[in-house]
Every structure is written in structure tokens, then in C-alpha cells.
Amino acid sequence: MEKFIYKEKLTSQKLNQMVDEIEGKYEKPSNGIPQNDLSEDVKTSLVKADTALQKLSELTSETNKALSLLEIQAKSLDSAVTNIVHTTVDDSALPTLCGQPMILFGEGTPQVSVVPKNWKQYDPATGEGYDWNGLPSAIGQQYINESATANGRYIAVLQNNGTLKWINF
Amino acid sequence: MDKLLTNMNNVFVRFPEIGDVVVKDIETKTPHYIKLDSFIKTELDESVYEIIGAVAWREHDKVLVVYKENTSTQYMNRPWWYLSGYTLDGTDRTGTLSIRVPDDNWNANVEKVIPYNATSAEELVGQLNGFFEGDADCNAQDWYANIEEDGSVRIHCAGTMAWQIFSYTTAKAGFALTSCAPEIDADYVIRRKNGNNGGYGSIFSMQRAMEAFTPDLSPESYNPSTDVKPMDVIRPITLPAYLGESQYQSDHCKALRERYGEGRDGWLKFLESLRPVAPCDYGTMRKRNGKERTDIMAQKMFTSRIVSEPKAMCNAAYYCSNVNSRTVDKGEFWLPTADELSYIFKTIEYGTDSNCNTDPINRCLSQIGNTISNKTHWWSCCRCGVNGAWYVSGNWGFLNYDYVHSTFRVLPVSLYTVR
């Protein structure tokens, strides 16, 4: 009965060769194929991929930092804008009239008991400034009554007797 | 710098400091400044430079200069008024002048009814002068009338006899008079650092005020009899009163000590609060046009029945305005304003200190001319009321006023610009 046709005589040599081939066949490790088992061109591609990924990571980090800074600055700006509305502006660098601000801001009509917020009161320690007495320090000085809803603006004029007074305008 | 200066004499600087010597180039009349520490008068070529005075103050490019000489004289010796209300229609008319006379110690007016019949101002003036010569009171006071350049009729008299002449001379019943010397306006108030807008008493010379008010004094002006608050105070308070230790009053200065501090240091800070606000647009200190004021007063001249050559009516202004030399023109110097005196007397220590080298202004002036003492009175050009003018008091160190015919020291000043 000739069911198995063997075209070549299977010698021991041939058998050993076949065994070697079987044993030399790559067996994939259970943890995955290590990089060193890959071909050079595959290794190169992988390195390139790694580098690109690194750069992307760094860029993302920088971008995040920039975004954080912008956020902080935006909040600061918002705060500063808010503060401008609600607190006294530093007018120390502005020109003065006889040593006092050109425009005074007070909570009420100009009078002795209402010292303008930005009036430079006399400081005994330094000798600077002079006390508010309800009257202007210079011709043309203005006073704003912050409590008034209307007619809260005053200007200093000279009287015939050489004194100054406030005129509501 | 000090080592440099000891090896160099008469160092010229562009931006001077207080006390530096002011000279002018004789050829160009340009002012220059010599560092005081380097100044050797004998080594200055006075054929090239004329010595003018001392730097009293500088702010930016403006230099306040005090002249090397000063004198003593009256603010005003001859009051004047402008007459109106008369009618020049050639009919018989009268007008009345009401004047003060020596009887009853100058305390009462006497009415002088003056008849006239004139068709021109010249005729009226002639008749007025005729009346004045014939009336014993008017003759004694050298009353005189003249026509001014603008055609107005001016009457004037000798003012050195009594301050009441300035204040109480009036006209009625056919005549009218302006106020005395109407061209010279008056102020009564000075704003202080403590907020007070009072009259006399603002401290100009701290050195003098410290000396004058250290002892215990009884007058209530300087030793309050009731409690005082900082803004209430017009004049200095003595040290013992401030401390609540005066023998004349009980303690009324507690509020002051709360504001300015305890002890002598607190008292000094309190005195500083009485300094005038300068510059200031309020009251006397707003008058910063000393040259213009002086010019107006210096031009007031008179002749009379007994004075044939024109004489000045405002002596102090006339003296300052007429300072002149090879490099100084008439009108270049003027009688200082109260504002200018406040700057000058911040520095002056000579007087309370017997050494004229103590302050730089006097260290300079002692080498070139007359010194400035804080123990004498110095006129300003600022008027206070009808019969008074402001001056720096050598008794108290504050700005005070006195009758214009009083004799005080006069210090010409000018303002130069650094080029």
C-alpha cells in the first residue's frame, strides 16, 4: 500500500536538520517582543517615535505652564480692575496745588469735619502736609462729594478779602 | 569734595545752595554763583565780577537772592487819599474833611469845612492848599493836594505823627474820599499747618520762637486759660504751658500733647504746626508778586508846601526798588513778600546765635555786606489793614503786623533763574 509517498529519503542527517529548524524557530516571549529582537529599521522607527513622544510631552508641559500663568494674570487683572473701582488711587505722582491734590474726594459737603480721603494732613513726625479746615488750598482746586447723587462738585474761588471759598457747580 | 574745595578758591557752580555767593558779570550782567566754602573775596577779580548778595533759597531753577546791603526805614510815611464828590461849576460850595488832631491824644476827629469855587481841578487844588496852609491843624500835619497824571485829585499829609491819621480820615457833606492808599490791598489772615486761618502769630523763625517761648509767660495769648485743641491755636504757647507746668495757668494743653507728643520734643512739633502754609493761595501768603507790589509803592512820590523835591511816600519799597549798581538795574530788587520772608527765615540763626557763621546766609553776608538777625524786625511788602503791614518779629519769631510808619529793617530781594 503506497499512501505515503516520500519524495526524499529521510536520512538521520535530514531529520536532525529539520529538528534544528524547528528548534531555531522564534518563540515570542510571554512579556512581549523585546526591542533588541527587532530588526534595525524597526528599532530606528521606534526610537523616532519615542523622541517625538518626548517632545510632545515637553511641549504640552510648557503649554500648560503658559496657560496657568495666563490664568493667574487674568485673575490679577480682574482684581486690579476691581480694586481701581473700590480703593483710592495713588495720586502722589500727580501735580499738586499748593501741596494738595488738584481734586479732592470726600464723603460729604466740604466742611471741617469731613476730611477728604486724599488730603495730606499735617504729620508731626515729618512736618509734611497741613491740616484740613474745610477750605480750599488753592484757586481752581476741586472737591467731589462722593456721597452726593447730584450737585456734588465744588471749585475753589478767591474772595475779595483774599480768602478762598467753595462754589458748588 | 571738601578736599577739592580747600585747594580751589572761588569755585563757580551752576545750581547754587543756600548761602552761596551771588555775583554778576560786569560786562554781561549775568548772575553767577560761587560756592560759599570756596569763597575768598580778596581773590575774586572785582573788575570782572560784582558781588551782589547771597542765595537765600532755591527751588529747581529759581534762586531767591538777598541783597548784600539792608537798611532801616518806615513802610509808609505819607498816607494819601483820592478826593471826589466835588462840583466844578464855578459856584460857591463847601466840602468837609474829618481828620484826627493831637488834642485828646489823637482820639477824636475834627471836621474841617472847606469852601471852594472852582471850574477846574487845578483851581480846586489851589483852593484846597490855600485852606490847608491857613488852618493850624492842617498846616501842622502838612496837608497838601495835587493832581495826578490821570486827572484825579489826591490829598496827603505827614503820617509819622499818629497811626490814627491813616485809619480815621474821612470826608462828608460835599466831598468823598477813598480809603487810605487804595492801590495797596491788605490781607489779615495766614493759613497755618495746623489748619488755623488766624492773624498774627504764624512762626517764621523757629530759632527765635524757641528762644522766646521757652520761659514761662503770663499773657493768655501765649498761655491759654481754657482748654485748646490743635486747630484753635493761632500763636505759640510757652513750653511750661504746653507741658501743663505753668505757674500762671493750670493745664489746658492736653489735646495738644495728644496730637504732637509729650515733652520738649512734642512742643517743638507743636511749634512747627504753626508755620505758615507756603506756597498758599489763601490770605497773605498768596501774595507772591513782590516786584509788582514794590513797583506800585515805590512810584508814590510827593511834594508839599514844605517839601519841594519829590520824596518817597513808601520808604521801604522805594529803597528796595532803587537798589542799583554797575550790574543791578533799578527795579531789579524788591521788598520781600511774606511768602519770601518765610523761606529766608527758615535758615537764619544769627541773632539767637551770636555767631554769624552759624547759618550759611549770614556766613556769606558777613563777608560781603550786612547780616540778617532774627532778633530784629523785617518789613514785608504785604499790607495788613489800613494802618498796618506785616513784618517778621524779632521779639517772637512770628509774622506780626505794626503801624506802617514804624521803622524796621528792610531787606531787598530778587529772583534769578538758573541758565
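Since the structure is predicted, the reported quantities are computational estimates derived from the model, not experimental observations.

Enquirer: What is the right way to look at the overall build of chain B in this model?
Expert: Per the secondary structure count, chain B includes 12 helices and 20 strands. Principal axes of the C-alpha set define a box for chain B whose edges measure 85 × 65 × 30 Å. Here chain B holds 419 residues, and 55% of them are scored as buried. Partitioning the intrachain contacts of chain B with sequence separation of at least 6 by distance along the chain shows that 67% fall at a separation of at least 24. In the form shown here, chain B has an accessible surface area of approximately 17,000 Å², with 47% of it arising from carbon and sulfur atoms. Charge-centre separation for chain B: the mean point of 43 positive side chains lies 4 Å from the mean point of 53 negative side chains.

Enquirer: What should I look at first to understand the pattern of salt bridges in this one?
Expert: For side chains of opposite charge, pairing can occur when their charged atoms come near one another. Residues and elements named next belong to chain B. Tallied over the entire structure, the rule returns 28 salt bridges over all chains. With its nearest N and O atoms 2.6 Å apart, the salt bridge here joins Asp251 to Arg257. Looking at Asp251, the relative accessible area reads 32%, which means it is partly exposed. Given the relative accessible area of 11%, Arg257 is considered buried. Of the charged contacts in the structure, one is a salt bridge between Lys291 and Asp295, with a shortest N-O distance of 3.3 Å. Linking Lys291 with Asp295, this pair stays in helix H9 (residues 290-298), spanning four residues, or about one helical turn. With a relative accessible area of 34%, Lys291 lands in the partly exposed category. Among the ionic contacts, a cluster of salt bridges with common partners joins Asp185, Asp187, Arg286, Lys287 and Arg293.

Enquirer: Just checking my understanding: could you explain the confidence of the model for chain B for this structure?
Expert: Predicted coordinates in areas of low pLDDT are best not read in detail. With 98% of its residues at a pLDDT of at least 70, chain B reaches an overall mean of 96. Predicted complex, confidence summary: ipTM 0.86, pTM 0.82.

Enquirer: I keep staring at the sheet that holds strand S7 (residues 80-84) of chain B and nothing clicks. Help me out?
Expert: Each strand in a sheet pairs with another by means of backbone hydrogen bonds, the pair being arranged parallel or else antiparallel. Residues and elements named next belong to chain B. Taken together, the four strands give an open sheet; going across it, the order is S10-S11-S7-S13, and neighbouring strands pair in antiparallel fashion. Only two strands of the sheet have a single partner each, and these edge strands are strand S10 (144-147) and strand S13 (176-177). Of the pairings in the sheet, the one linking S7 to strand S11 (residues 153-156) comprises four bridges and is antiparallel in character. Paired with Tyr82 across the strands is Arg154, a residue of S11.

Enquirer: Can you help me understand the side chain of Glu50(B) in this one?
Expert: All names here are of chain B. As for its placement among the helices and strands, Glu50 is situated in strand S4 (residues 49-59). Although buried, Glu50 forms no salt bridge, and the nearest oppositely charged side chain, Lys68, lies 4.3 Å from it. At 2.5 Å, the side chain of Glu50 forms a polar contact with the side chain of Thr327. Not counting the four nearest positions on each side in its chain, Glu50 is found in contact with Val22, Val23, Lys24, Ile26, Lys68, Ser325, Arg326, Thr327 and Val328.

Enquirer: It is not clear to me how the interface of chain A and chain B should be interpreted in this structure. Could you clarify?
Expert: Many descriptions give the size of an interface as the accessible area lost when the pieces come together. Of the residues lining the interface, 23 residues belong to chain A; the matching set on chain B comes to 21 residues. When the two sides are added together, the surface that chain A and chain B hide from each other amounts to roughly 1,700 Å², 53% of it contributed by carbon and sulfur. Inspection of the region where chain A meets chain B yields one salt bridge. Across the pair Arg259(B) and Asp131(A) runs a salt bridge whose closest N-O atoms are separated by 2.7 Å. When the residues that make up the side of chain A that touches chain B are grouped by side-chain class, the tally is 14 nonpolar, seven polar and two charged.

Enquirer: Looking at this structure, how should I read the state of the cysteines?
Expert: A covalent bond between the sulfur atoms of two cysteines is referred to as a disulfide. All told, the structure shown has zero disulfides over all chains when counted by the stated rule. The cysteine Cys98(A) is free of any disulfide, with Cys280(B) supplying the nearest cysteine sulfur at 5.5 Å. Here Cys180(B) stays unpaired: no disulfide links it, and the sulfur of Cys157(B), its closest cysteine neighbor, is 8.3 Å away.

Enquirer: Which parts of the structure should I look at to understand the sheet that holds strand S8 (residues 93-100) of chain B?
Expert: All names here are of chain B. Spatial ordering of the open sheet is given by S9-S8-S12, a layout of three strands whose pairing is antiparallel. On the outer flanks of this sheet lie strand S9 (109-116) and strand S12 (170-172), each paired with one strand and no other. For this sheet the average axis-to-axis angle between neighbouring strands, irrespective of direction, equals 25°. Alignment of S8 against S12, held across three bridges, turns out to be antiparallel. Opposite Leu97, over in S12, you have Ala171 as the bridge partner. Helix H2 (residues 121-134) rests against S8 and S9 of the sheet, and its axis sits at about 135° to S9.

Enquirer: Would you explain the packing of aromatic side chains in this entry?
Expert: Describing an aromatic ring pair means giving the distance of the ring centres and the angle of the ring planes. Residues and elements named next belong to chain B. Evaluation of the coordinates by the stated rule reveals 32 aromatic pairs over all chains. Between Phe213 and Tyr222, the ring centres sit 5.1 Å apart and the planes meet at 65°, which makes this aromatic pair edge-to-face. Like Tyr222, Phe213 is buried. Each member of the aromatic cluster is reached from another via a ring pair, and the members are Tyr200, Phe213, Tyr222, Trp390, Trp396, Phe398 and Tyr401. A cation sits over an aromatic face here: Arg100 above Tyr168, 3.8 Å from the ring centre. Stacked on the ring of Tyr200, the Lys or Arg Arg235 has its end atom at 4.1 Å from the ring centre.

Enquirer: Please clarify how a nonpolar patch on the surface should be interpreted in this entry.
Expert: A contiguous nonpolar surface patch, about 320 Å² in accessible area, is contributed by Leu53(A), Leu56(A) and Leu59(A). Examined against the element boundaries, Leu56(A) turns out to sit in helix H2 (residues 40-86).

Enquirer: Even after reading the chapter, I still don't get the packing of helix H5 (residues 206-213) of chain B against helix H8 (residues 263-272) of chain B, so can you show me in this structure?
Expert: How two helices pack is summed up by the angle between their axes together with the distance between the axes. Residue and element names in this part refer to chain B. Between H5 and H8, the shortest axis-to-axis distance is 11 Å and the interhelical angle comes to 130°. The pairing of H5 with H8 is recorded here as oblique in orientation. Handedness of the H5/H8 crossing: right-handed. On the side of H5, the interface is formed by Met206, Met210 and Phe213, while H8 contributes Arg264, Trp267, Leu268, Leu271 and Glu272. Among the residues making up the contact of H5 with H8, the classes are represented as six nonpolar, no polar and two charged.

Thresholds, definitions, all that
Residues numbered from 1 in each chain as written. Chains lettered and ligands numbered in written order. Predicted model: local features only at pLDDT ≥ 70, side-chain atom pairs only at ≥ 80, totals over all residues. Heavy atoms only, no water. Helix = DSSP H or I, 4+ residues; strand = E, 2+ residues; numbered from the N terminus. Buried < 20%, exposed > 50% of the residue type's maximum accessible area, 1.4 Å probe, protein only. Contact = heavy atoms within 4.5 Å. Areas by Shrake-Rupley, 256 points an atom, 1.4 Å probe, with all protein chains shown as cover. Lys, Arg positive; Asp, Glu negative; His and termini not counted. Charge placed at Lys NZ, Arg CZ, Asp CG, Glu CD. Salt bridge = Lys/Arg side-chain N within 4 Å of Asp/Glu carboxyl O. pLDDT = per-residue confidence, 0-100. Pairing = 2+ DSSP bridges. Polar contact = N/O pair within 3.5 Å; in protein donor to acceptor, adjacent residues only side chain to side chain. Buried area = accessible area lost by both parts, 1.4 Å probe. Nonpolar A, V, L, I, M, F, W, Y, C, P; charged D, E, K, R; others polar. Disulfide = S-S within 2.5 Å. Axes fitted to C-alpha atoms, helices over the stretch in contact; angles between N-to-C directions. Phe/Tyr/Trp six-rings, centres within 6.5 Å; stacked < 30°, edge-to-face > 60°. Lys NZ or Arg CZ within 6 Å of the ring centre and 35° of its normal. Patch = residues over 30% accessible without salt bridge, like charges linked within 9 Å, V, L, I, M, F, W, Y side chains within 5 Å. Parallel < 35°, antiparallel > 145°, perpendicular 65-115°, else oblique. Left-handed = near helix turned anticlockwise from the far one by under 90°.

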